[in-house]
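Each chain, letter by letter, is given below.
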Amino acid sequence: MDRVSAFDEPLKKLLGGATAKVMAEHLDLHTVGDLLHHYPRRYEERGRLTALADLPLDEHVTVVAQVADARVLMFNNGRGKRLEVTLTDGHGRLQLVFFGHGVHKPHKELLPGRRAMFAGKVSVFNRKMQLAHPTYQLLDTADTDEATEAVDAFAGRLLPIYPACKQLDSWRIAKAVDTVLPSAQEAVDPLPPGLREGRGFTALPDALLKVHRPQTKADIAEARDRLKWDEAFVLQVALARRRYADTQLPAVARRPVPGGLLDAFDAKLPFTLTDGQQKVSKEIFDDLATEHPMHRLLQGEVGSGKTMVALRAMLGVVDAGGQAAMLAPTEVLAQQHHRSITEMMGELAEGGMLGGSEQGTKVVLLTGSMGVAARRQALLDLVTGEAGIVIGTHALIEDKVQFHDLGLVVVDEQHRFGVEQRDALRSKGKQPPHLLVMTATPIPRTVAMTVFGDLETSVLDQLPAGRSPIASHVVPAKDKPHFLSRAWERVREEVENGHQAYVVCPRIGDDDADDEAAGKKAKKKDPEAEGDKRPPLAVLEIAEQLTKGPLAGLRIEVLHGRMNPDDKDDVMRRFAAGEVDVLVATTVIEVGVNVPNATAMVIMDADRFGVSQLHQLRGRVGRGSAPGLCLLVSEAHEASPARARLSAVAATLDGFELSRIDLEQRREGDVLGQAQSGVRSSLRMLTVIDDEEVIAAAREEAVAIVAADPELEHLPELRTALDALLDKEREQYLDKG
């Protein structure tokens, strides 16, 4: 068997069809290599019991514990049977429950004093943690061959507990690992020998053996150190090669012309740029002046002035004879950007028009819902070069759209754009255009190095002068209904003082199949969002309740993603003009909506949204000189993780701090929506939040190796590992950067 193929062997061959099918469908494990990289989540010591007190709710867990008590109870006038078993570990207790015909076997086997491994999903019933119908394996009896094997296999050893699923318990995964473990000897080592010896790492086959079947805790530490490094290093080599390839591409250097459009714009600015804006602008203009494409990620808090920095870069490119395109994720946002940019530029945005400035250019909008005539004119302005700046949605990427000379692409809210979209837009230039990616989702440094590792990063962390602080509070609607009444009074007070308010809901409400924003996703994620299982609150219902009830007499309008684009734009325009007091909306307002007079926001079912989403939403208020107020309404239980999340959001306005909290709570879950998917599927041992030093060191080594040998001709094993990491799908996810 050659060195690669042992890892590529399908699991079906070794484990049989049924087990392989479950592994493929539920754990995404298809080959021997996949299973060998499915590492234990933690280890139990034989004889030492798990802490039952801190089991996570609604997760599939494996515990080792002792039976304290078991009793059969009758219900339904004696027609139904229920077996209740209480487990203990000396500190906490956990209840197991079995019903109906499933009572017989456990009743005989789970006697007080018995020890076993139990696996199941943790739920709460009558305020007590329980596992309903868990699978179990006795550890202190020789009743069955399987139990004897389990004891023999694990006696005196650390017991690996694997990430499991309902269909496949941890101990069955352990048995499958035993079957494929001999193949670990044939692992191809991606680390160059010099690097491995220099850092004193154990060999890869040895690390795989030690992580799955450790004899001591030192074995685990040694294996983890090595496997983390592999993941960080191979990923950073992939990113370093992308950066290197990008530096080999040609691009037109775009230097602003003195006395041109940019200078004219700067001269009419009514304020000075913050130090941060000046520093980041310099980084961008330095990049634009080089003859290979800029690839820069600009992250900045909501309201830190990213659009201003991007606009100045666009004007500089227009000065240099090129065109600039700004890509926004939604029509509402594209229209908003178009409006605010033309307002900021004034007569400079009316190049070639009556009353326009001689130095000016045309700024056109291009979206899917435009009328035929307006669209035809916009396309003509682009192809002739009449329009220096175009702002649009992915409609910009269609084949029909031709540019005169595309020099810069600005992508707003990057993680909403797929790879194909970015590449399609880049192919519109005669040579690859420069690329500036903007996001208001604060990204911890390690995530930026991992997910956006092929982009240079600039951070805007100062708020411009004149922005007001935002007070945030959690409103526990279930425990203290009078708090919610007070929330509506506060909204009314803001309106009476001449201001406006947003009310945000997770769902639209005219069709339960569609949860436009957080509904579906968060509902799955947060089982503790109550036992009554009510659907998330909806815009249309809440708007009606408020109109008839606590906000009667105020001018209330709704806004959501399924409205006709013209209607959406009309509502937004009237809200911006102050003709609407309260806007009841879904998360369509999350990004970029700018109404300085809006001072209050009430987020209904706030526990159904993620931390960064709440932070983004909150950034819509306090944009003027009056202080902002954000009320997070939730029915989640006070002790639940959902409430802890909301309290964290209420406690700080620092987006980077929140993104750390978010990452710690969800681990790598989906830090940036899908942007991380491919990366995540390759990170099994590395945790982006804890392993900053490993990632930074791996990045340095990777850069040095790629600079010396861009094609990795002298490192065939590293190439093999890269090919395995970057099968086509993952290659594309990395391209997202």
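Rules behind the numbers
- Residues numbered from 1 in each chain as written.
- Predicted model: local features only at pLDDT ≥ 70, side-chain atom pairs only at ≥ 80, totals over all residues.
- Heavy atoms only, no water.
- Phe/Tyr/Trp six-rings, centres within 6.5 Å; stacked < 30°, edge-to-face > 60°.
- Helix = DSSP H or I, 4+ residues; strand = E, 2+ residues; numbered from the N terminus.
- Buried < 20%, exposed > 50% of the residue type's maximum accessible area, 1.4 Å probe, protein only.
- Contact = heavy atoms within 4.5 Å.
- Salt bridge = Lys/Arg side-chain N within 4 Å of Asp/Glu carboxyl O.
- Axes fitted to C-alpha atoms, helices over the stretch in contact; angles between N-to-C directions.
- Parallel < 35°, antiparallel > 145°, perpendicular 65-115°, else oblique.
- Left-handed = near helix turned anticlockwise from the far one by under 90°.
- Nonpolar A, V, L, I, M, F, W, Y, C, P; charged D, E, K, R; others polar.
- Polar contact = N/O pair within 3.5 Å; in protein donor to acceptor, adjacent residues only side chain to side chain.
- Pairing = 2+ DSSP bridges.
- Core = buried A, V, L, I, M, F, W, Y, C linked by side-chain atoms within 4.5 Å.
- pLDDT = per-residue confidence, 0-100.

A.B. asks: What exactly am I supposed to notice about the packing of aromatic side chains here?
C.D. replies: Think of a pair of aromatic rings as described by two things: how far the centres are apart, and how the planes are tilted against each other in angle. By the definition in use, this model includes six aromatic pairs. An angle of 40° between the planes, with centres 6.1 Å apart, marks the rings of F118 and Y136 as tilted. Taken as a pair, F118 in strand β5 (residues 115–125) and Y136 in strand β7 (residues 135–138) lie far apart in primary sequence, 18 residues in all. Per residue, the accessibility class of F118 equals that of Y136, and both read buried. Each ring, one from F201 and one from W229, has its centre 5.7 Å from the other, and the planes form 50°; the classification is tilted.

A.B. asks: Teacher, can you tell me more about the environment of V503 here?
C.D. replies: Tracing the backbone through its elements, the reader meets V503 in strand β17 (residues 500–504). Sequence separation between V503 and A600 is 97 residues; the distance between their C-alpha atoms is 8.5 Å. Non-local contacts of V503, meaning those with residues more than four positions away in its chain, are made with W488, I542, L546, V582, L583, V584, A585, V602 and M604.

A.B. asks: It is not clear to me how the pattern of salt bridges should be interpreted in this structure. Could you clarify?
C.D. replies: If charged atoms from side chains of opposite charge come close, those side chains can pair. This model, assessed by the stated rule, comprises 34 salt bridges. E9 is the salt-bridge partner of K13, the closest N and O atoms lying 3.1 Å from each other. Residues R213 and D178 are paired through a salt bridge, measuring 2.8 Å at the closest nitrogen-oxygen approach. Taken together, the residues span a long stretch of sequence, with R213 in the loop between α9 (204–212) and α10 (217–248) and D178 in helix α7 (residues 170–180) at a distance of 35 residues. On the basis of relative accessibility, which here comes to 38%, the residue D178 falls in the partly exposed class.

A.B. asks: Explain the packing of α10 against helix α26 (residues 692–708) to me, please; I cannot follow it from the model alone.
C.D. replies: A pair of packed helices can be characterised by two numbers: the angle between their axes and the separation between those axes. Between α10 and α26, whose axes approach to 8 Å, the crossing angle comes to 45°. Our classification of the angle between α10 and α26 gives oblique. Between α10 and α26 lies a crossing whose hand is right-handed. Contacts between α10 and α26 pair K228, W229, A232, F233, Q236, V237, A240, R241, R243 and Y244 from the former with V694, I695, A697, A698, R699, E701, A702, V703, I705 and V706 from the latter. Taken together, the residues of the contact of α10 with α26 break down into 14 nonpolar, one polar and five charged.

A.B. asks: Help me understand helix α22 (residues 611–618), please; the structure alone is not making it clear to me.
C.D. replies: Because each turn of an α-helix spans 3.6 residues, side chains separated by three or four positions end up pointing in the same direction. Counting buried positions along α22 yields seven of eight residues, so the element is predominantly enclosed. When we look at burial in α22, the residues that qualify are V611, Q613, L614, H615, Q616, L617 and R618.

A.B. asks: Help me out: how do you make sense of the side chain of R643 in this one?
C.D. replies: Relative to the helices and strands, R643 resides in helix α23 (residues 641–651). Separated by 3.0 Å, the side chain of R643 and the backbone oxygen of A636 make a polar contact. Not counting the four nearest positions on each side in its chain, R643 is found in contact with V474, P476, D479, S634, A636, H637 and E638.

A.B. asks: Quick question: what am I supposed to make of the sheet that holds strand β19 (residues 582–585) here?
C.D. replies: Taken in spatial order, the six strands make up an open sheet running β16-β21-β20-β17-β19-β18, and their pairing is parallel. A strand with exactly one partner marks an edge of an open sheet, and here the two such strands are β16 (470–476) and β18 (556–559). Going across the sheet, the axis of each strand differs from the next one's by a mean of 20°, ignoring polarity. Along the sheet, α22 contacts β16, β17, β20 (598–603) and β21 (628–634); its crossing angle with β20, the most-contacted strand, is approximately 150°.

A.B. asks: I keep staring at the nonpolar core and nothing clicks. Help me out?
C.D. replies: If you look at soluble globular proteins, the nonpolar side chains tend to sit buried side by side. Ranked by size, the top nonpolar core spans 39 residues in total, and within it M345, I389 and L408 carry the most contacts. Sorting elements by how many residues they give to this core places helix α13 (residues 306–319) first, with nine residues. Setting aside chain neighbours within four positions, we find M345 in contact with F265, K268, L311, L315, T361, V363 and I389. Among the nonpolar cores identified, the runner-up in size contains 33 residues, and V32, C165, A176 and I220 belong to it.

A.B. asks: Looking at this model, I keep getting lost on unusual backbone geometry. Mind explaining?
C.D. replies: Excluding glycine, residues mostly carry a negative phi; peptide bonds, for their part, are mostly trans. One non-glycine residue with positive phi stands out, namely D28, at about 60°. Owing to a relative accessible area of 45%, D28 belongs among the partly exposed residues under this scheme. With a phi close to 50°, D605 is a non-glycine residue in the positive phi region. Its place among the elements puts D605 in the loop between β20 and α22. Since its relative accessible area comes to 3%, D605 is described here as buried.

A.B. asks: Honestly, the sheet that holds strand β9 (residues 295–300) in this entry has me stumped. Any pointers?
C.D. replies: The seven strands are arranged β11-β12-β10-β13-β14-β9-β15 in an open sheet whose pairing can be described as parallel. Of all the strands in the sheet, the pair left with one neighbour each is β11 (362–366) and β15 (456–460). Across the sheet, the mean angle separating the axes of adjacent strands is 20° when strand polarity is ignored. Pairing of strand β10 (residues 323–327) with strand β13 (residues 406–412) involves five bridges; the strand directions are parallel. Residue pairing for β13: Q323 is matched across the bridge by L406. Strands in contact with helix α15 (residues 372–384) are β10, β11 and β12 (387–392); relative to β11, the strand with the most contacts, it is inclined by about 130°.

A.B. asks: Would you mind going over the environment of L15 with me for this structure?
C.D. replies: Tracing the backbone shows L15 in helix α2 (residues 11–15). L15 sits in the buried class, given a relative accessible area of 17%. It is 9.7 Å that separates the C-alpha atoms of L15 and V177, two residues lying 162 residues apart in sequence.

A.B. asks: What should I look at first to understand the pairing of β17 in this one?
C.D. replies: Along any regular strand, the residues point their side chains to alternate faces of the sheet. Here β17 lies mainly inside the structure; five of its five residues are buried. With burial as the criterion, each face of β17 is covered, one bearing Q500, Y502 and V504 and the other bearing A501 and V503. Looking at chain direction, β17 and β20 are connected through five bridges and run parallel. Bridge pairing in β20 places V504 opposite I603. Examined bridge by bridge, β17 and β19 share four bridges and lie parallel to one another. Note that in β19 the partner of A501 across the bridge is V582.

A.B. asks: I'm lost on the confidence of the model for the protein chain in this one. Help?
C.D. replies: Atomic detail in the predicted coordinates should be set aside for any region of low pLDDT. This prediction gives the protein chain a mean pLDDT of 81; 81% of its residues lie at or above 70. Predicted confidence is poor over residues 667–680, with pLDDT under 50, and the contacts of this stretch with residues over four places away or in other chains come to 37 contacts. The low-confidence segment residues 728–737, where pLDDT is below 50, has 36 contacts with residues more than four positions distant or belonging to other chains.

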